[in-house]
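These are the residues of each chain, in order.
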Amino acid sequence: MPLTAKKARQSTRTAALLSPSPWPVVLAGLVSLAVAMGIGRFAFTPILPMMLKDGVVDLAGASWLASANYLGYMLGAIFCTFQPWIWARLSWLPGLDYSSLVRAGLLATGALTLAMAWQLPAAWPMLRFAAGVTSALVFVYTSGWCLARLSDLGVPAMGGMIYAGPGAGIVASGLLASGMVAWQWTAATGWLILGLLAFGLSALVWRGLRGGEHLKALATPDSYALSRRPVAAARHGPAEMAMLTLAYSLAGFGYIVTATFLPVIARAALPGSAWLDLFWPIFGLGVMGGALLAARLPASGDLRVRLGVCYMAQALGIAASLWSPTLLGFAMGSLLLGIPFTAITFFALQEVRRLRPASASSFIGLLTTAYGLGQIAGPPLVALLIQHAATPGAAFNVSLKIATGALLVGAVMYAWMVRAYPVLDVNR
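Residues numbered from 1 in each chain as written. Predicted model: local features only at pLDDT ≥ 70, side-chain atom pairs only at ≥ 80, totals over all residues. Heavy atoms only, no water.

## Describing the overall build of the chain
A tally of helices and strands in the chain yields 14 helices and zero strands. The secondary structure elements of the chain, listed N-terminal to C-terminal, are α-α-α-α-α-α-α-α-α-α-α-α-α-α. Relative to its full complement of 428 residues, the chain shows a buried share of 53%. Across the chain, contacts joining residues at least 24 apart in sequence account for 86% of those joining residues at least 6 apart. Accessible surface for the chain amounts to roughly 18,000 Å². Of this, 71% is attributable to carbon and sulfur atoms. (Helix = DSSP H or I, 4+ residues; strand = E, 2+ residues; numbered from the N terminus. Buried < 20%, exposed > 50% of the residue type's maximum accessible area, 1.4 Å probe, protein only. Contact = heavy atoms within 4.5 Å. Areas by Shrake-Rupley, 256 points an atom, 1.4 Å probe, with all protein chains shown as cover.)

## Thoughts on the side chain of Ser249
Position of Ser249 relative to the elements: it lies in helix α9 (residues 238-269). Accessibility expressed as a relative area gives 14% for Ser249, which makes it buried. The residues touching Ser249, leaving out its near neighbours within four places in the chain, are Ala370, Tyr371 and Gly374.

## Considering helix α7 (residues 165-182)
Given 3.6 residues to a turn, an α-helix orients residues that are three or four positions apart in the same direction. Between its first and last C-alpha, α7 extends 26 Å over 18 residues, near the 26 Å set by a 1.5 Å rise per residue. Residues of α7 that are buried include every one of Gly165, Pro166, Gly167, Gly169, Ile170, Val171, Ser173, Gly174, Ala177, Ser178, Gly179 and Met180, and no others. Along its buried surface, α7 packs onto α2 (23-41), α3 (44-54), α8 (187-205) and α10 (279-296). Once α7 finishes, Gln184 follows within two positions and takes phi at roughly 60 degrees, a positive value. (Expected span 1.5 Å × (residues − 1).)

## Here's the deal with the packing of aromatic side chains
All chains considered together, the criterion is met by 14 aromatic pairs. With a centroid separation of 5.9 Å and 80 degrees between ring planes, the pair formed by Phe346 and Phe347 is classed as edge-to-face. Judged on exposure class, the residue Phe346 and its partner Phe347 are both buried. Seen from the ring of Tyr73, Arg41 lies directly overhead, with NZ or CZ sitting 4.0 Å from the centre. (Phe/Tyr/Trp six-rings, centres within 6.5 Å; stacked < 30°, edge-to-face > 60°. Lys NZ or Arg CZ within 6 Å of the ring centre and 35° of its normal.)

## Observations regarding the packing of helix α11 (residues 303-323) against helix α12 (residues 327-355)
Running from N to C, α11 and α12 cross one another at 160 degrees; their axes reach a closest spacing of 8 Å. The angle between the axes of α11 and α12 places the two elements in the roughly antiparallel class. Between α11 and α12 the crossing geometry is left-handed. (Axes fitted to C-alpha atoms, helices over the stretch in contact; angles between N-to-C directions. Parallel < 35°, antiparallel > 145°, perpendicular 65-115°, else oblique. Left-handed = near helix turned anticlockwise from the far one by under 90°.)

## A few points about the pattern of salt bridges
Considering all chains together, one arrives at six salt bridges under this definition. Salt-bridge contacts for Glu240 lead to Arg354; the nearest nitrogen and oxygen are separated by 3.6 Å. Separated by 114 residues along the polypeptide, Glu240 in helix α9 and Arg354 in helix α12 bring together distant segments of the chain. When sorted by exposure, Glu240 lands in the same class as Arg354, which is buried. In this structure, the salt-bridge partner of Arg354 is Glu351, at a minimum N-O distance of 2.5 Å. Of this pair, Arg354 and Glu351 both sit in helix α12, three residues apart, which is roughly one turn of that helix. When its relative accessible area of 5% is taken as the criterion, Arg354 is described as buried. Linked through salt bridges whose partners overlap, the residues forming this network are Glu240, Asp302, Arg304, Glu351 and Arg354. (Salt bridge = Lys/Arg side-chain N within 4 Å of Asp/Glu carboxyl O.)

## A look at unusual backbone geometry
Despite not being glycine, Gln184 shows a phi value in the positive range, around 60 degrees. Locating Gln184 in the fold gives a position in the loop between α7 and α8. With a relative accessible area of 60%, Gln184 lands in the exposed category.

## Some remarks on the packing of α11 against helix α14 (residues 392-420)
Packing of α11 against α14 brings their axes to within 8 Å, and their N-to-C directions diverge by 160 degrees. What the angle tells us is that α11 and α14 run roughly antiparallel. Between α11 and α14 lies a crossing of left-handed hand. Here α11 contributes Arg304, Val305, Leu307, Gly308, Tyr311, Met312, Gln314, Ala315, Ile318, Ala319, Ser321 and Leu322 to the contact with α14, which in turn contributes Asn397, Leu400, Lys401, Ala403, Thr404, Leu407, Leu408, Gly410, Ala411, Tyr414, Met417 and Val418.

## So, the environment of Pro166
Mapped onto the fold, Pro166 is located in helix α7. Residues Pro166 and Leu30, 136 residues apart in the sequence, show an inter-C-alpha distance of 7.7 Å. What Pro166 contacts, discounting residues up to four positions off in sequence, is Leu33, Ala34, Met37, Gly38 and Val287.

## A short note on the environment of Arg149
Counting through the fold element by element, Arg149 comes out in helix α6 (residues 124-152). The exposure class of Arg149 is partly exposed, given its relative accessible area of 24%. In the structure, Arg149 is positioned 123 residues away from Val26 in sequence and 9.5 Å away in space, judged by C-alpha atoms. Not counting residues up to four positions away in its chain, the partners in contact with Arg149 are Val25 and Arg210.

Function-wise, these values are silent; they only describe arrangement.
The following block contains the structure:
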């Protein structure tokens, strides 16, 4: 072997040994999203039955608390969309990087979760609203930080792994809540335990959250893309973008009733069952599996077909609990609802990148806003139906049928888009 070739190989091996491992970055991103989404955003779902049992809230009040959280999440996402523009024009604003904001968001998530144990119901809507804002900030800036760091390390494909974090957080909070229900603990104790868990998980990855992109730098489409797919240069009209936005908003509306009230719905259908509190962790397992699967799918193909399949799967999951309100029906329904949950966002953001490669971040904000509006509409619908239905169970059945119909309409919209706006560059 020539000496120069041997030295080159030795140099390559030495560089590989000295280069930092991407796994701490992946772990930091996964845990951050588990705290922000699994606890900060969705811990309310498994604790809600405890709050109802304690008599500190009724179903109508719970619906508005959920909407406050989803409103905060939507406004937080909108802020993230315009934040680079604001920072670029206001030179006196402090210089921060993504990892610093993620750290601050994790601390806020723990504090806001702990504060829910405070027996002052008048403050709960503001606390849930603030938790929603914080969840959005941590989600966006964790995504930007992790994807940039992994790209610098030469392994951008590993970025999809961090989106198993929300599912992991849902599983952890769900299992803890299941145990607390069995031990007949109060909802206030549940909020305290989950708040401490948020702080503990944050401490686990605290040292790994450092460095990263500067907030004063304008965000590029790639920092939000979640994709290995190269952008296309084709231009698409506003009608196509409007159809995608509307269809995506239906996903937010379609899943949210089940994602907010699943343990309550299961209790109404299966009173006394010992397995009631495991349906929410099953949903979380589905979220984890769907995120990992979506990240491993090949980049070729029409993403609108995948989106339509995801909508159909979620519609089938909701219908399973309506057609068969049994242990098997709820378990299958929870899994089918969870698997496409992150995948829908994953595919939709890639589709935005195809349609608007030069301004993807702005249109991602548009889609996030539309999705948020869909989420906000779900719980008030339940509250309205409860006022007019004979029983809460009847109100849930009607709302779930409406949600199923919305998802089916979304799937039909994607099928129509495939025919009306064919993808010419199949390799993309």
